[in-house]
Amino acid sequence: MSPSPYAVRVSAPAAKVLDALPEHAVDTVWDILTAAAADPWGFRQFDTDDDEGKDVRYAAVGRLSVTFWVNRPLHSLTVLNIVWLG
């Protein structure tokens, strides 16, 4: 049995960006967050042997990037920033 996905929360600054995105970009953000919620460390951009900062993650797909923080004790992700190079 696989573990339950992490809950996703969006910070106020990230929510403003999300509201301004075109619909296809919003769909992509939620696709990224669905994958991140299932495996928060699945995006390997910043994987190192150093555990400091390990819970701040970055996922990029094409011209879209999402930065999120993994809150292990609360089993949740908080979206810190969304960048769309439209």
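Our subject is the structure listed above.
Fair warning: this is a prediction, and the values are worked out from it, not measured in the lab.

Criteria and cut-off values
Residues numbered from 1 in each chain as written. Predicted model: local features only at pLDDT ≥ 70, side-chain atom pairs only at ≥ 80, totals over all residues. Heavy atoms only, no water. Pairing = 2+ DSSP bridges. Helix = DSSP H or I, 4+ residues; strand = E, 2+ residues; numbered from the N terminus. Axes fitted to C-alpha atoms, helices over the stretch in contact; angles between N-to-C directions. Contact = heavy atoms within 4.5 Å. Core = buried A, V, L, I, M, F, W, Y, C linked by side-chain atoms within 4.5 Å. Buried < 20%, exposed > 50% of the residue type's maximum accessible area, 1.4 Å probe, protein only.

Caption draft 1: Region of interest: the sheet that holds strand β1 (residues 7–10). Read from one edge to the other, the open sheet built from 4 strands follows the order β1-β4-β3-β2, with strand pairing classed as mixed. In this open sheet, the two strands that pair with only one neighbour each are β1 and β2 (56–61). Ignoring strand direction, the axes of neighbouring strands in this sheet form an average angle of 30 degrees. In the sheet, strand β3 (residues 64–71) pairs with strand β4 (residues 76–84) via 8 bridges, with the strands oriented antiparallel. Bridging across to β4, T67 finds its partner in N81. Strand contacts of helix α1 (residues 12–20): β1 and β4, with the helix running at about 50 degrees to β4, the strand carrying the most contacts.

Caption draft 2: Seen up close, the nonpolar core. Formed by 21 residues in total, the largest nonpolar core has its most connected members in L21, V29, V66, F68, L77 and I82. When residues of this core are traced back to their parent elements, those giving at least two are α1, α2 (23–38), β3 and β4. Counting residues per element, this core draws most heavily on α2, which supplies 7 residues. Excluding residues within four positions of it along the chain, I82 makes contact with A14, V17, L18, L21, V29, L64 and S65.

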